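Residue-level structure breakdown
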Amino acid sequence: MAKPIKVSLLGNPNTGKTSVFNLLTGLNQQVGNYPGITVEKKEGVCKLSKGVKAHILDLPGTYSLNASSLDENVVIELLLNKNDIDFPDVAVVVSDVENLKRNLLLFTQIKDLEIPTILVINMADRMKRRGITLDIPLLEKELNTKIALVSARKKEGIDTLKALIESYTLLPKTPCLQALSFAPDYFKKLQKTFPNQSLYKLWLVITQDVNFRKVDKQEYVTTPDFKIKSESELKRLQQKETIKRYQFINNVLKKALVIDEKAATGMRAKLDKILTHQFWGYFIFFGILLVIFQAIYDWSSYPMDMIDEAFAWLSETTKSILPSGPFVDLITEGIIPGLGGIVIFIPQIAFLFLFISILEESGYMSRVVFLMDRIMRRFGLSGKSVVPLVSGTACAIPAVMATRNIESWKERLITILVVPFTTCSARLPVYLIIIALVIPDKKIGWIFGYQSLTLMFLYFLGFATAIAAAWLLHRILKMKSTSYFVIEMPDYKIPLFKNVIINVVEKTKAFVLGAGKIILAISIILWVLASYGPNENFSNAQEIVTGQFTDLSEEEQKKKIASYKLEHSFIGYAGKAIEPLVAPLGYDWKIGIGIISSFAAREVFVGTLATIYSVGSEEDETIKNRMAAEVNPVLGGPLFNFASGISLLLFYAFAMQCMSTLAIVKRETNSWKWPVIQLVSMSILAYGVALIAYQILK
Amino acid sequence: MKTTIAHLKRGQRALIKEITSDRIPLKLLEMGCLPGNEVELIQTAPFQCPMYLMINGSHLAIRKDIAAQIEVQII
C-alpha cells in the first residue's frame with residue numbers, strides 16, 4: 001500500500017478550519033498533545049481513492065507566520081523543519097470567502113516556504129447572500145495555486161479538495177510574490193552570507209522568537225550581518241513586509257473578487273446592534289447565563305436519576321449472581337459505586353460543554369469579550385479573560401490553556417491564578433448531592449426552584465471570588481507589561497451540529513476517562529482500607545457487638561456490626577485522627593476522608609463517600625439515600641443538615657483540590673511558585689470560610 | 001491636534017493615514033490596519049472602550065489607547 005500523504009491544515013481562526021477537518025476525517029480523529037507542551041494536537045485519517053490515504057494534521061489557527069503565542073509557535077516550528085515526522089507533503093490553507101483579503105496574508109507566507117499548497121475557500125454557500133462573485137481561474141493563476149471552493153456547512157466541494165490532495169505532486173511550489181523586495185540591500189547581504197538557504201526561511205528564523213529545535217538560531221544571530229538590525233528596525237521591516245503582501249493581495253482581489261456592498265451587511269449589523277448594545281448587550285448576556293444554568297440543572301436530572309438507579313441495580317445484581325468473597329465485595333462495594341459516582345455526572349458535563357461550544361461556534365463569545373473588557377480591566381483582567389472564566393465552568397485545565405491569547409503577561413497570569421475559583425464540572429457532583437440533601441425541593445413562583453437558585457448562587461460565588469481575587473492580585477503584583485488588545489469579531493453563524501457534537505463527545509470522554517482512572521484507583525484503595533482493620537477490634541466485631549447489645553433485632557444488629565467494623569478499620573482510624581481538624585466545620589470523619597481524597601480531584605468526594613457508605617451495607621440503595629441516613633455522632637440528627645451542608649458547599653467552592661490544574665498551571669507559568677501559592681491560599685480561604693459558616697449556622 | 005480612530009463617532013468612516021508608532025502591534029497590521037485603508041466605527045462598549053471597528057472589511061475590536069495612536073482622516 002502506498003504511504004499516506006501528509007497534509008497540514010492551516011488557516012486563520014474562525015475560517016471553519018475545524019469543520020473542514022471534521023468533514024475530511026469524520027470521527028476518524030485523535031486528540032493529543034505536542035510533546036512537552038500543552039498545545040492540542042488534532043490528527044485524523046482521510047480515505048482518498050484507490051486505497052490511498054491522507055494523514056491530516058489540524059494545526060492551531062494563526063493569523064500569520066509571525067508567532068505571538070505558543071500555539072502559533074507550533075506551526076512555524078513544524079513548517080521550518082523538513083525532518084519533522086509531521087512535515088507536510090502538502091499544505092491546505094483554509095480561508096473564509098468573506099474575509100479572503102485577510103486570510104490570504106497567511107497563504108502568501110506559506111507559499112514563500114515553497115511547500116505545495118492548496119487554497120480552500122470555505123463558506124461558499126454564503127457567496128450568493130453576501131453578493132460575492134469570485135473569478136476562480138484568475139485567482140488560481142495569480143496566486144499560483146489550486147483552489148477548492150468548499151462549503152463545509154453543505155458538505156460541498158470536499159471531493160474536489162480530496163482530488164487536489166491526491167494529485168499534490170502537480171502543485172506549483174514557487175511563491176506567488178516577491179515579498180522580500182522592501183529592503184533589497186539587507187536581503188542581498190543575507191543571501192550572500194547564506195547562499196544555500198531559502199531567504200524567507202532565514203527571515204523567519206531571525207524575526208521569530210521560537211525555539212527551533214533543529215535550526216541553530218545562535219549561529220545566525222551572532223553572524224555580524226544580522227546584528228545591524230535593532231529590534232525596532234526589525235519591527236519596521238516586518239511592518240513593511242505586511243504592507244507589501246497586502247498590496248499584492250489587494251491587487252489580485254481587485255480583479256478577481258466583486259462584492260455587492262449592499263448585500264454584504266444585514267443580519268450581522270442587526271444582531272450586533274442588539275447583542276453589543278451598551279445596555280441590552282449585558283442584559284442578554286446575563287439572561288443567557290441564567291438559562292444555561294437552569295437548563296443544566298433541570299434537563300439533566302432525568303438521565304441522572306436513571307443512571308443512579310442503574311448502578312444501584314448493577315451492584316445488587318452482581319452481588320446476587322457472583323459467589324460471595326473478598327473479590328466480589330471489592331467489585332460490588334468498591335468499584336461499581338465508585339464509578340457510578342462519576343458516570344452519573346456525564347449528562348450535566350455534556351450539557352455544559354454543549355452550551356459552551358455553541359457560544360463559541362456561533363461567534364457570540366467574541367461579543368462577550370468586547371462587552372466585558374472594560375469591566376474586567378478594572379480588576380486587572382482582560383476581556384479575553386471571560387472566555388477562560390466561562391470555560392472554567394467546564395474544567396479549569398482547558399481554561400488555563402485558553403488564557404494563551406491574552407496579550408499582556410500580567411493579565412494572563414492573574415487570569416490563570418483566579419480561574420480555579422470558577423465552578424468547574426468536578427465541583428458539580430459534590431454540589432448537586434449536597435444541595436439535594438440540605439436544600440428543600442420547593443419552587444418560588446413556578447420556574448425557579450430553591451435548589452437551582454442555590455446552584456446558580458454557587459456559580460455566581462465562584463465568579464465573584466475570582467474577580468475579587470483578581471482585583472487583589474492586580475494591587476499586589478508589581479509587574480510592568482505593555483498591554484495591547486486585538487480581537488476579531490467574526491460573523492454570526494448557526495453552529496454546525498457535527499462540530500458541536502464532536503466537541504462535546506471529545507471533551508466529555510476526556511473528562512470521564514481522566515477522572516475515571518483516579519477514581520478507580522482511589523476507590524480500590526479506600527475499599528481495602530475500609531474492609532480490613534489493624535487489630536482484633538475489627539476482626540472480632542461480631543462478638544463485641546452481640547455481647548454489648550443483646551436486645552436488638554437481627555437487622556439492627558447487622559447494621560451495628562457493619563458500622564463498628566468500619567470505625568475500627570484502617571480508614572476508620574485514619575479518619576478519627578483527622579476528625580478534630582474537620583469537626584469544627586461540622587463534618588464527621590467519613591466526610592474528612594472524602595475531603596482528603598478529593599485533593600486529587602474534587603469529584604472523587606462523591607465516589608469516596610459512596611464507597612465508604614456501601615461497605616457492609618446490604619440494601620439496594622442509591623448514594624443519596626445512604627447519605628441522608630447518616631447521623632451526626634455528637635449532636636444526633638442528620639449529619640448532612642443545613643449548617644454542615646452549607647459549610648461543605650463553601651469549602652468546595654474555595655478549595656484548590658485538583659492535581660491536574662496545579663500541574664497545568666506549573667507548565668503554563670513555568671514555575672512551581674504560582675501553583676503552590678494557589679494551593680496554600682485557596683485551602684486556607686476554604687477552611688476559614690467553611691468554619692465561619694458552620695459556627696454561625698449551627 | 002491629530003485626528004485618530006479614538007475620535008471617531010459611531011457610524012463614522014475614515015482613512016488611515018500613516019502608521020508611525022512601532023508600539024502598534026503587528027497583529028493589528030496583519031488584520032488590515034494599514035495606511036490608505038478605510039476604517040468605520042461600528043460600536044463602542046460603555047466609556048468608549050473597547051472600540052468595535054471595521055477595517056478593510058475585517059471586523060475587530062481594540063482598546064482606546066491603541067486607537068488613539070492610529071492617525072486618520074475622516075471622510
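Everything below is about the structure printed above this text.
What counts as what
Residues numbered from 1 in each chain as written. Chains lettered and ligands numbered in written order. Predicted model: local features only at pLDDT ≥ 70, side-chain atom pairs only at ≥ 80, totals over all residues. Heavy atoms only, no water. Helix = DSSP H or I, 4+ residues; strand = E, 2+ residues; numbered from the N terminus. Buried < 20%, exposed > 50% of the residue type's maximum accessible area, 1.4 Å probe, protein only. Contact = heavy atoms within 4.5 Å. Areas by Shrake-Rupley, 256 points an atom, 1.4 Å probe, with all protein chains shown as cover. Pairing = 2+ DSSP bridges. Axes fitted to C-alpha atoms, helices over the stretch in contact; angles between N-to-C directions. Core = buried A, V, L, I, M, F, W, Y, C linked by side-chain atoms within 4.5 Å. 1 Å grid on protein atoms, 1.4 Å probe; cavity = no way out; pocket = protein on both sides within 12 Å on 5 of 7 lines; lining within 4 Å. Points joined across faces, edges and corners; volume = space filled by probe spheres on them. Nonpolar A, V, L, I, M, F, W, Y, C, P; charged D, E, K, R; others polar. Polar contact = N/O pair within 3.5 Å; in protein donor to acceptor, adjacent residues only side chain to side chain. Parallel < 35°, antiparallel > 145°, perpendicular 65-115°, else oblique. Left-handed = near helix turned anticlockwise from the far one by under 90°. Expected span 1.5 Å × (residues − 1). Lys, Arg positive; Asp, Glu negative; His and termini not counted. Salt bridge = Lys/Arg side-chain N within 4 Å of Asp/Glu carboxyl O. Patch = residues over 30% accessible without salt bridge, like charges linked within 9 Å, V, L, I, M, F, W, Y side chains within 5 Å. Buried area = accessible area lost by both parts, 1.4 Å probe.

What follows covers the overall build of chain B. Helices and strands together make up the secondary structure of chain B, namely two helices and five strands. Ordering the α and β elements of chain B from the N terminus gives β-α-β-β-β-α-β. When its C-alpha atoms are laid out on the principal axes, chain B stretches across 30 × 25 × 25 Å. When each of the 75 residues of chain B is scored for burial, the buried share is 57%. Long-range pairs, those at least 24 residues apart, make up 56% of the contacts in chain B between residues at least 6 apart in sequence. Accessible area for chain B stands at about 3,000 Å²; split by element, carbon and sulfur atoms hold 50% of it.

Pairing within the open sheet is antiparallel, and its six strands lie in the order β12(A)-β4(B)-β3(B)-β2(B)-β1(B)-β5(B). Edge positions in the sheet fall to β12 (486-488) of chain A together with β5 (72-74) of chain B, since each of these pairs with one other strand and no more. Adjacent strand axes in the sheet meet at a mean angle of 35 degrees when their direction is disregarded. By the bridge criterion, three bridges tie strand β1 (residues 13-16) of chain B to strand β2 (residues 38-44) of chain B in an arrangement that is antiparallel. Bridge pairing links B:Ala14 to B:Val39 in β2(B).

A:Val418, A:Ile434, A:Tyr587, A:Phe605, A:Phe640, A:Leu648 and A:Phe651 are the most contacted members of the largest nonpolar core, which totals 114 residues. When neighbours within four sequence positions are excluded, A:Val418 is seen to be in contact with A:Leu389, A:Ala466, A:Ala469, A:Ala470 and A:Leu473. A:Leu57, A:Ala179, A:Val486 and B:Ile24 belong to the second largest nonpolar core, which has 84 residues in total.

A word on empty space enclosed by the protein. Residues and elements named next belong to chain A. Here the structure, examined in full by the defined rule, presents four cavities of 30 Å³ or more. Within this model, the second largest cavity holds a volume of roughly 70 Å³. Around the second largest cavity, the lining residues are Leu 289, Ile 292, Phe 293, Leu 352, Phe 355, Ile 356, Leu 359, Val 390, Thr 393 and Phe 463. For the lining of the second largest cavity, the secondary-structure elements that each account for two or more residues are α13 (280-299) and α16 (346-361). When residues in the lining of the second largest cavity are grouped by element, the largest group, four residues, is from α16. When its residues are assigned to classes, the lining of the second largest cavity shows nine nonpolar, one polar and no charged.

For the rest of this paragraph, the subject is the environment of A:Ile5. Following the sequence through the fold, A:Ile5 ends up in strand β1 (residues 5-11). In this structure, the C-alpha to C-alpha distance between A:Ile5 and A:Cys46, residues 41 residues apart in sequence, is 9.6 Å.

Our next topic: the side chain of A:Thr318. All names here are of chain A. Of note, Thr 318 is situated in helix α14 (residues 301-321). Residue Thr 318 is classed as buried on the basis of its relative accessible area, which comes to 15%. A distance of 2.4 Å separates a polar side-chain atom of Thr 318 from the backbone oxygen of Leu 314. Beyond its immediate sequence surroundings of up to four residues, Thr 318 is in contact with Ile 331, Thr 332 and Ile 336.

Right, let's get into the packing of helix α7 (residues 199-207) of chain A against helix α10 (residues 231-256) of chain A. Residue and element names in this part refer to chain A. Between α7 and α10, the least distance of the axes is 11 Å, while the angle of their chain directions is 135 degrees. Accordingly, the angle class assigned to the pair α7 and α10 is oblique. In this structure, the crossing between α7 and α10 has a hand that is left-handed. Residue-level inspection shows Tyr 200, Trp 203, Ile 206 and Thr 207 of α7 in contact with α10, the latter providing Leu 234, Leu 237, Gln 238, Glu 241 and Arg 245. Considered class by class, the residues forming the contact of α7 with α10 number five nonpolar, two polar and two charged.

Quick look at the packing of helix α6 (residues 184-193) of chain A against α7(A) now. Residues and elements named next belong to chain A. For the pair α6 and α7, the least separation of the axes is 10 Å and the interaxial angle reads 100 degrees. Of the possible angle classes, the one that applies to α6 and α7 is roughly perpendicular. Contacts from Tyr 186, Phe 187, Leu 190 and Gln 191 of α6 reach α7 at Leu 199, Leu 202, Trp 203 and Ile 206. Its residues placed into classes, the contact of α6 with α7 shows seven nonpolar, one polar and no charged.

We now examine helix α33 (residues 673-697) of chain A. Counting along an α-helix, one turn takes 3.6 residues, and residues three or four places apart therefore face a common direction. All names here are of chain A. For α33, spanning 25 residues, the distance from its first C-alpha to its last is 36 Å, which sits close to the expected 36 Å at 1.5 Å a residue. Turning to α33, its buried residues number three or more, namely Trp 674, Pro 675, Gln 678, Met 682, Ala 686, Ala 690, Ala 693 and Tyr 694. Tucked inside the fold, the buried residues of α33 contact α20 (409-418), α31 (642-654) and α32 (659-669).

Another aspect to go through is the side chain of A:Glu579. Mapped onto the fold, A:Glu579 is located in helix α27 (residues 570-582). There is no salt bridge for the buried A:Glu579, and the closest opposite charge comes from A:Lys576, which lies 4.2 Å off by N-O distance.

This brings us to a nonpolar patch on the surface. The grouping of A:Ile525, A:Val528, A:Leu529, A:Tyr532 and A:Phe570 at the surface amounts to a nonpolar patch, some 430 Å² of accessible area in total. Sort the elements by how many residues they give to the nonpolar patch and helix α23 (residues 497-531) of chain A lands first, with three residues.

With that settled, the discussion passes to unusual backbone geometry. A cis amide bond links B:Cys49 with the next residue in sequence, B:Pro50, at an omega value of -5 degrees. Looking at the secondary structure, you find B:Pro50 in the loop between β2 and β3 (51-55). Of note, the phi angle at A:Glu114 is positive, near 60 degrees, even though the residue is not glycine. Inspection of the secondary structure assignment puts A:Glu114 in the loop between α3 (100-112) and β6 (117-122). Residue A:Lys155 is not a glycine yet carries a positive backbone phi of 60 degrees.

With that out of the way, let us pick up the interface of chain B and chain A. Facing the 35 residues of chain B at the interface are 40 residues of chain A. With both sides pooled, the region where chain B packs onto chain A buries about 3,400 Å², and carbon together with sulfur makes up 56% of that total. Where chain B touches chain A, the interface holds two salt bridges. Note that B:Arg63 is salt-bridged to A:Asp373, the shortest N-O span being 2.9 Å. Put simply, chain B and chain A have 16 residue pairs in polar contact (both at pLDDT 80 or more) between them. The set of elements that each furnish at least two residues to the side of chain B that touches chain A consists of α1 (26-30), β2, β3, β4 (58-62) and α2 (64-67) of chain B. With three bridges joining them, β12(A) and β4(B) adopt antiparallel strand pairing. Of the residues in β4(B), the one forming a bridge with A:Ile487 is B:Ala61.

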